[in-house]
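Understanding the architecture of this molecule
In case you want the letters, here they are:
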Number of protein chains: 2
Amino acid sequence: MEPLSWTSDVTEQRVRERTFSLKVGDEDVPGIAWSPEGKDRWPTILLGHGGTQDKRTPGVLSLARRLARHLGYGSVAIDAPEHGERRSGPHERIGPRQMRERVASMTEDQRAEMSARNEMAVAEWRAVLDALQATPGFSDGPFGYWGVSMGTAIGLPLVAADDRITAAVFGLAGLGSRWDGERFAERARALRVPVLFLYQWDDELMERAQGLALFDAIGSREKTMHVNPGGHIEMPPHERDAVEAFFRRHIGANQ
Amino acid sequence: MEPLSWTSDVTEQRVRERTFSLKVGDEDVPGIAWSPEGKDRWPTILLGHGGTQDKRTPGVLSLARRLARHLGYGSVAIDAPEHGERRSGPHERIGPRQMRERVASMTEDQRAEMSARNEMAVAEWRAVLDALQATPGFSDGPFGYWGVSMGTAIGLPLVAADDRITAAVFGLAGLGSRWDGERFAERARALRVPVLFLYQWDDELMERAQGLALFDAIGSREKTMHVNPGGHIEMPPHERDAVEAFFRRHIGANQ
């Protein structure tokens, strides 16, 4: 097992932020680990960014900081394959409608490639978990997962496969239009940990019934879906409070 | 306008509880007003009990107490027509499945009667609001509403009709099987205040699509639906935290 190789260390407003690199197979996976200042150990939430985003995207950064300040948690984010520092091409900013068109027009080869990238991302997260279990402060867990959209496409199979993760927030994803279709549904059915599923009623990337079908498929006894009006990138800020309340309920505050 | 006529006054664990009677037309409507000890004024939530329940049903009582203790709010509950002290027949305890069968087999006359009772309940709540506006502590508002199942059948038309109520929690209700059908949908579309809509995924009283249709019809820009697995009476306790967070967000704590 490779250890995390630290590359920077800054503490700001009571939150320590360390960047790291982790060798997984042939890849150097860059990541960030946040932790609450003044604590010796903490629960940790793995933060999975969305498509076209990266480990330091504003939504990830603000969630990491608030989890540290409000709950005394650590957080970890990594760049998914072909995202952030791992992009091989230029950075594109595309909206949800363009994204929908692009996904709809993907060739079989492109679908297979995307699916393979997501599998790779799952393996990388598991290597990160291995490394965290050998990292002071992070080592004892418990571990949770948060990630919507691509963060769910990667995170849901991760949480289904790895029982070190004991609570998960997913969302902005559905069944029936996914590149890995039935396999994704199977993994949803295999989930057993408490899940908060966040959904947008007017998501441009999928039909309502697809999101409802994913919530329905999730095998966990404890699962809650929150639905708000608006598009893929219009989730209201109060859902951040709900995420915090969810983790507080299932993992507890680190007092 | 009739004033509230107080019939008892007890303070227990920092919550003052006064029973009252209010003359509305030919009816003497019995109710309870809760308020936080040590405050001069408070926001007030109207609590609408469910079918077969009454103003002191455990869910209503515990919510009133927690709103007083956690948020410094007052609350008011009244017995709906033919409920609690206003029953003309014996008290029946029937489950959701029996309730569904009963609603399904209602005659046209029975439907009309139920609809008339709900209209009457709306008028009674409005008379309670009039009286509260003349009652020290309660008079300034703001006013919110909470009520699921029959509490929504009555509360939704109330909130649609009375702009003194500025935030509402509804749930366990749907479109398409209601005795007052299209009228109920019109009133849902007329809503403009923030709404939290609580729904049970396996509600024995209605189809999933009926609940989703009601959430969809609600005209408010700010609305959130929370869905949990389980039947009509199996809503998980953590939704009480969500109710509290919702009112805190829209009405604020009374510090």
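Residues numbered from 1 in each chain as written. Chains lettered and ligands numbered in written order. Predicted model: local features only at pLDDT ≥ 70, side-chain atom pairs only at ≥ 80, totals over all residues. Heavy atoms only, no water.

**Points about the relation of the copies chain B and chain A**
Least-squares fitting of chain B to chain A yields an RMSD of 0.0 Å, with the superposition described by an axial translation of 0.0 Å and a rotation of 180 degrees. What the rotation and shift describe, once combined, is the action of a two-fold rotation axis. If distances are taken from each C-alpha of chain B to the rotation axis, the shortest is found for His-226 of chain B, at 2.3 Å. Residue by residue, 100% of the interface of chain B is reproduced at the interface of chain A, so both copies engage with the same surface. (Least-squares fit on C-alpha atoms with pLDDT ≥ 70 in both. Contact = heavy atoms within 4.5 Å.)

**So, the interface of chain B and chain A**
Listed per partner, the contact involves 16 residues of chain B and 16 residues of chain A. Where chain B touches chain A, the interface holds 2 salt bridges. Where chain B packs against chain A, one counts 11 residue pairs in polar contact (both at pLDDT 80 or more). Breaking the side of chain B that touches chain A down by element, the ones donating at least two residues are helix 6 (208–217), strand 9 (223–228) and helix 7 (238–250) of chain B. Sheet topology note: the strand 9 (residues 223–228) of chain A/strand 9 of chain B ladder contains 3 bridges and is antiparallel. Residue pairing across strands places Met-225 of chain A opposite Val-227 of chain B, the latter belonging to strand 9 of chain B. (Salt bridge = Lys/Arg side-chain N within 4 Å of Asp/Glu carboxyl O. Polar contact = N/O pair within 3.5 Å; in protein donor to acceptor, adjacent residues only side chain to side chain. Helix = DSSP H or I, 4+ residues; strand = E, 2+ residues; numbered from the N terminus. Pairing = 2+ DSSP bridges.)

**Quick word on the packing of aromatic side chains**
By the definition in use, this model includes 16 aromatic pairs over all chains. On the basis of an interplanar angle of 15 degrees and a centroid distance of 5.9 Å, the ring pair of Phe-197 of chain B and Tyr-199 of chain B is categorised as stacked. Here a set of aromatic residues connected by ring pairs shows up, and it is made of Phe-197, Tyr-199 and Phe-215 of chain A together with Trp-201 of chain B. Note that Lys-223 of chain A overlies the ring of Phe-215 of chain A, its terminal NZ or CZ placed 4.8 Å from the centroid. (Phe/Tyr/Trp six-rings, centres within 6.5 Å; stacked < 30°, edge-to-face > 60°. Lys NZ or Arg CZ within 6 Å of the ring centre and 35° of its normal.)

**Focus on unusual backbone geometry**
In this structure, the amide linkage connecting Gly-141 of chain A to the following residue, Pro-142 of chain A, adopts the cis form with an omega of -5 degrees. If you trace the backbone, Pro-142 of chain A turns up in the loop between helix 3 (108–132) and strand 6 (143–146). Located in the positive-phi region is Thr-52 of chain A, a residue other than glycine, with phi close to 70 degrees. Structurally, Thr-52 of chain A can be placed in the loop between strand 4 (44–47) and helix 1 (58–71). Although it is not a glycine, Ser-149 of chain B sits at a positive phi angle of roughly 60 degrees. Relative to the helices and strands, Ser-149 of chain B resides in the loop between strand 6 (143–146) and helix 4 (150–161).

**Notes on the pairing of strand 9 of chain B**
All names here are of chain B. Of all the 6 residues making up strand 9, 6 are buried; the element is thus mostly covered by neighbouring parts of the structure. Here strand 9 shows two buried faces, one formed by Lys-223, Met-225 and Val-227 and the other by Thr-224, His-226 and Asn-228. Relative to strand 9, strand 8 (residues 195–200) runs parallel, the two sharing 6 bridges. Among the inter-strand pairings, Gln-200 is bridged to a residue of strand 9, identified as Asn-228. Taken together, strand 8, helix 6 and strand 9 constitute a β-α-β crossover, and its handedness is right-handed. (Buried < 20%, exposed > 50% of the residue type's maximum accessible area, 1.4 Å probe, protein only. Right-handed = clockwise from strand over helix to strand, strands pointing away.)

**Details of the environment of Phe-215 of chain A**
Locating Phe-215 of chain A in the fold gives a position in helix 6 (residues 208–217). On a C-alpha basis, the gap between Phe-215 of chain A and Leu-196 of chain A in space is 9.4 Å, while along the polypeptide they are 19 residues apart. Sequence-distant contacts of Phe-215 of chain A, defined by excluding residues within four places in its chain, comprise Phe-197, Lys-223, Thr-224 and Met-225 of chain A together with Trp-201 and Val-227 of chain B.

**Quick notes on the pairing of strand 7 (residues 165–171) of chain B**
Residues and elements named next belong to chain B. Among the 7 residues in strand 7, 6 count as buried, and that is most of the element. Bridge count for strand 6 against strand 7 is 4 bridges, and the pairing is parallel. Across the sheet, residue Trp-146 finds its bridge partner in strand 7, namely Val-169. Assessed by its sense of winding, the connection that carries the chain from strand 6 through helix 4 to strand 7 is right-handed. The pairing of strand 7 with strand 8 spans 4 bridges and is parallel. Within the sheet, the bridge partner assigned to Val-169 lies in strand 8 and is Leu-196.

**Some points on the pattern of salt bridges**
Under the counting rule described, the total for this entry stands at 42 salt bridges over all chains. Here Arg-66 of chain A makes a salt bridge to Asp-241 of chain A, at a shortest N to O gap of 2.7 Å. Remark: Asp-241 of chain A occurs in helix 7 (residues 238–250) and Arg-66 of chain A occurs in helix 1; sequence separation between them is 175 residues. Put simply, Asp-202 of chain B and Arg-208 of chain B hold a salt bridge, and the shortest N to O gap is 3.2 Å. The exposure class of Arg-208 of chain B is partly exposed, given its relative accessible area of 28%. Ionic contacts of the salt-bridge type, sharing partners, join the residues Arg-66, Asp-241, Glu-244 and Arg-248 of chain A into one network.

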